[in-house]
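What follows is the residue order along each chain.
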Amino acid sequence: MYKYCSFILFLLFSGANSFSQNGSTEELKKSSDKIQSILGKPKISNQQTSKTLFVNPFVGTGGHGHTYPGASAPFGMMQLSPDTRYDGWDGCGGYHFDDSIIYGFSHTHLSGTGVSDYADLLITPLSSKPKIKAKKVSKDLKGQRFSHEEENATPGYYSVDLIDSKIKAEMTVDVHSGLHKYTFNDEEGKKYILLDLDYRDEVISADFTITNKNSLEGHRISKAWAEEQHIYFYLESNIGWTKAKLIKTKGKHKLLLTFPDNSKEIILRIGISAVDEAGAKTNLNTEIQGFDFLAQRAKVVKMWERELSKIYFHSADNEINKVFYTALYHSYLNPNTFSDVDGRYRGMDKAIHQLIDPKDNHYTVFSLWDTFRATHPLFTLTQVEKTNQFVRTFLRMNEEQNDLPVWELAGNETECMIGYHSVSVIADAYMKGIQDYDAVKALTAMVRTSKDTTYSKDFYSQNGYISLDKEPESVSKILEYAYDDFCIAQMATNLKQQRTAYEYELRSMNFINHFNPNTGFFQARRGGMWMAPFHPDEVNFNFTEANAWQYSLFAPHAVGVLTKLHGGKPALEKHLDRMFTASSETSGRDQADITGLIGQYAHGNEPSHHMAYLYNYVYRPDKTQNYVDSILYNLYHNAPDGLSGNEDCGQMSSWFVLSAMGLYQVAPGSPFYDIGRPLLKEGAFYLENGKSFEIRAINQSKANKFVQNIELNGKELNRTYITHDEITKGGELVLTMGVNPSEKLNSYESAPTLSSIPEEFTPLPFFRAENRIFDDRQTIDFSLPIQNSKDFSIEYRTDQGNWISFTEPFDIDKSTSIEARTYNSFAKIYSASVSVEFVKKNTDLSLNLLTPFSLPYASSGENALIDGIRGNNEFRTGDWQGFYGFDVKSEIQFEKPKQKFTVEVGMLEDLKSWIFYPTELSIEISTDGTSFRPLTTQKINQSTKDYRPAGTTRISVEVGSTENIKAIRVFMKNGGNCPDWHLGAGFPTWIFLDEITIK
């Protein structure tokens, strides 16, 4: 997931090479045998092999997976892992498999995100004293070479040989704590441990306190993705150091520990906390009492065996088994424990809170735009108690910030991504009987979150759509808001709050207002008009990390209604076919997340994840099975580049886990699982209620990808879904596989979905015109997204006049504001109104752009700078025209010569997005329309060295002459590359303009 914090839109992305692991399997087996001798035999009778043997933590560390290979406990607070990259999109997890230098080992990492943070308390073992340059803050260590041949990672354990220092580094963990073990193989020379609090992120506050020759404590408060992230630590070493030197580089902090020359093995035990140093010490002493590295490694492996054994999966293909259990491992890395062992935690209000129940936990790292789709539904099967804890965490966050989380990180709301998908997680849990929390309080929070004023949710609530000039990514937001509203309606219905249920049932249909029946796509609209021209493969800021194809089927809660909008099941099937077989080329702006393409289906990012299963709803389950098979086999591999996109805190992996088991939930909140194409020969969910649900696939093979018959508990099942209740009651699902599609399944019933539109839902009309600017005359015509309904009629009015019933198209020949609404004769209600201001083109002006605009930021095209549309502070609404790295030159010809007038230019500044004001505005005039002479140059104030909020300004220049002026040239000077203080230092800057107005 390419997190949409705006400055990242312009980063350059590095590629990655594929890799096949060498030499690690044998070492992994030897290590596992040692640990298994301590653990004893597995307790689950039909699982004879240690599940950790199948896990390869290097999967996703190459390509754009953004995972880390280091040690973590399931859902642990600590992620003790090597750091090989300071920055860059592919360095979000701190490590990339293409790298050959390790800078050290830090204690917190993010798994598969699209924005970087963490990497707290970097520890580096050294055999010689480091040369630290005071001018540099983070990049002051050369790092040490390593080879993947001498690197090993298994669940809860990581090791590597550092070539330059001849040190073997090993680490293992518990939930809040960990052990470093450094074996010095060079007996000569000093032995050092460097502790670095400067590494990578901006430090707000940091310090060390040495308590004795074996222990110290400290903290770091930093700013990156999270605006204020706290970490506190307590450290002890197995042998005392002889010297501790605090190195200050421009107020930053590093601590160099010198150990005796004869030190052969140095072990550090470290506890961390987000509360305080005392909490870190208590966490450590509760979990790891001594320095027995092997015992702690065995302990964490036992944790992983317990979690991984909640699903039994067996395929005849051992590579598939490895991919499966690696995926399950990645699914269980997040969310992370955020409360201490004593129940204290740092809240969203930055205050310290105490959990009431000592058995409860508070969590962090909720990548909800991703994980609501498959990861949290997986947890409702395998992590029921944790799901209750996650929901209780949400409710505490709501109390602390008066809002449910969107993308929470370390007690900070990043507001990254869209929707309010915590309501999906809550409603899905509640609908599945996971209800150990205050459900009424939860529903109240869900409703309040859906109605706040952020991200045009208030505009959406009042109008049933989002105008592109009000909000960027408007199409994606309306679609995801409508789905979330369905989740609220589901929960309200079950809580017997009928008024709320009905309100949100109507709101859940609002996706209809963005459906264009003429194209069959959800499209952006400016008031009553569709944005034109429209190209479904174009990546633009009307969608979140996607194009119209990849959001064309996002109504997962109402597949039946979507089918009707398309004109029936055959039409929806045809749309699916076109999507999967279309060219994979995209147009518009670059979007690194659009990967894993099958046609225009993009498995490397989340909006596409449910789409292959929609064939079940058009009587073609064989096509679901075919495309699921293709995704499972072609887009997942046991290799560092084995993921087709960002791991995204478990979502990419959870899709594989559920799909390989033969199941997938299209609409969380609706407790039904679609049956797809299993990869297992046999498997089972071992449930927390003590029951098991077994799945067998008879005649399973790579060639036999089509389901021939479905049996549930010995009885033939004539549907392509099962319910959550059927799974939790225990039983057996038997799928018979074959090489050819089964015609029998084409008549099977699909999972329940919303298929009828509530009678009071009244769709918005739309104008058929493609452009609001016209030359002589403009024909006005209207239509509705719901076709052939006798209950709806359209009314309109011009320039705030009386409402008139629309019967046939009409023409206008002057600039006119037109408003339209729909009347529902059955319910006797009106829709909200939509309007368009049609502008007759000023024939006195003609524009010739001498500098090409950037196609992703084209606005309305060639005449955008004289079309009368002005932008707001948000550059992604489509009203701004962008120019990258160039001066902007334009020429305006006058039909009627002028002598005195004012030229006004509107411009935008958004420094985080590399958009700067021009440094100069220059005007040249021409009295013959051909030759020009300079008139005036005006300097424009530039930003100081900070990221001030985005803003706009309009620069005016008076033009006067005793001669008739037939043309002018307007020059906007680009200020050059981003300055040294900027994140994009050295890269070109943007100029964004909306209008050149002649007054």
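Residues numbered from 1 in each chain as written. Predicted model: local features only at pLDDT ≥ 70, side-chain atom pairs only at ≥ 80, totals over all residues. Heavy atoms only, no water.

Chemist: What should I look at first to understand the sheet that holds strand β35 (residues 682-686) in this one?
Modeler: Whenever strands of a sheet pair, they do so through backbone hydrogen bonds, lying parallel or antiparallel. Pairing in this open sheet of six strands is mixed, and the strands run β17-β35-β36-β40-β37-β38 from one edge to the other. In this open sheet, the two edge strands, each paired with only one partner strand, are β17 (311-314) and β38 (715-716). Where strand β37 (residues 706-712) lies against strand β40 (residues 731-738), six bridges are found, and the strand directions are antiparallel. Bridging from a neighbouring strand, L712 pairs with L733 of β40. (Pairing = 2+ DSSP bridges. Helix = DSSP H or I, 4+ residues; strand = E, 2+ residues; numbered from the N terminus.)

Chemist: What's the story with the environment of I892 in this structure? I'm lost.
Modeler: In this fold, I892 is placed in strand β53 (residues 888-909). For I892, a relative accessible area of 0% corresponds to the buried category. Dropping the residues within four chain positions of it, I892 is found in contact with L845, S846, L847, K966, A967, I968, I996 and I998. (Buried < 20%, exposed > 50% of the residue type's maximum accessible area, 1.4 Å probe, protein only. Contact = heavy atoms within 4.5 Å.)

Chemist: Is there a simple way to think about helix α9 (residues 439-450) in this case?
Modeler: In an α-helix, one full turn covers 3.6 residues, which means residues spaced three or four apart are oriented alike. The first and last C-alpha atoms of α9 sit 16 Å apart over 12 residues, in line with the 16 Å expected at 1.5 Å per residue. The inward-facing, buried residues of α9 abut α7 (384-401), α8 (422-431), α10 (457-463), α11 (474-494) and α12 (498-507). For α9, the capping residue at the N-terminal end is D438, with a side-chain oxygen 3.2 Å from the backbone nitrogen of V440. (Expected span 1.5 Å × (residues − 1). Polar contact = N/O pair within 3.5 Å; in protein donor to acceptor, adjacent residues only side chain to side chain.)

Chemist: Just to check I follow, could you spell out the pairing of β53 for this structure?
Modeler: Strand residues, when the strand is regular, have side chains that alternate between the two faces of the sheet. Bridging between strand β51 (residues 845-849) and β53 involves five bridges; their strand directions are antiparallel. Opposite L847, over in β53, you have I892 as the bridge partner. As judged from the 17 bridges shared by β53 and strand β56 (residues 951-973), these two strands associate in the antiparallel manner. Across the sheet, K898 pairs through a bridge with I965, a residue of β56. Alignment of β53 against strand β57 (residues 990-998), held across five bridges, turns out to be antiparallel. Each bridged residue has a counterpart across the sheet, and for L908 the counterpart in β57 is F992.

Chemist: What should I look at first to understand the confidence of the model for the chain in this one?
Modeler: Any region with low pLDDT has predicted coordinates that should not be read closely. Considering every residue of the chain, the mean pLDDT works out to 92; 94% of them sit at 70 or more. Predicted confidence is poor over residues 2-46, with pLDDT under 50, and the contacts of this stretch with residues over four places away or in other chains come to 104 contacts. A low-confidence stretch, residues 134-139 (pLDDT under 50), is modelled with 13 contacts involving residues beyond four sequence positions or located in other chains. (pLDDT = per-residue confidence, 0-100.)

Chemist: Just checking my understanding: could you explain helix α2 (residues 277-287) for this structure?
Modeler: For α2, every residue scored as buried is listed here: G279, A280, N283, L284 and E287. Along α2, the residues classed as buried sweep out an arc of 135 degrees about the axis, all on the same side. Contacts from the buried residues of α2 go to β9 (177-184), β13 (229-237), β16 (265-273), α3 (293-308) and β19 (344-346). Between the side-chain oxygen of the N-cap and the backbone nitrogen of A278 there are 3.4 Å, and the N-cap of α2 in question is D276. (Arc of directions from axis to C-beta.)

Chemist: Is there a simple way to think about the sheet that holds strand β39 (residues 721-723) in this case?
Modeler: Ordered in space as β33-β34-β39, the three strands form an open sheet in which the pairing is antiparallel. Each edge of the open sheet is held by one strand with a lone partner, namely β33 (663-664) and β39. Where β33 lies against strand β34 (residues 672-675), two bridges are found, and the strand directions are antiparallel. Each residue of the ladder has a partner; that of L663, found in β34, is I675.

Chemist: Explain the packing of α7 against α8 here, please?
Modeler: Relative placement of two packed helices is described by the angle separating their axes and the distance separating the axes. Taken N-terminus to C-terminus, the directions of α7 and α8 make an angle of 135 degrees; their axes are 10 Å apart at the nearest point. When the interaxial angle is binned, α7 and α8 end up oblique. You can see that α7 and α8 cross each other, and the crossing is left-handed. Residue-level contacts link T387, V391 and F394 of α7 to S422, V425, I426 and A429 of α8. The residue inventory of the contact of α7 with α8, partitioned by class, reads five nonpolar, two polar and no charged. (Axes fitted to C-alpha atoms, helices over the stretch in contact; angles between N-to-C directions. Parallel < 35°, antiparallel > 145°, perpendicular 65-115°, else oblique. Left-handed = near helix turned anticlockwise from the far one by under 90°. Nonpolar A, V, L, I, M, F, W, Y, C, P; charged D, E, K, R; others polar.)

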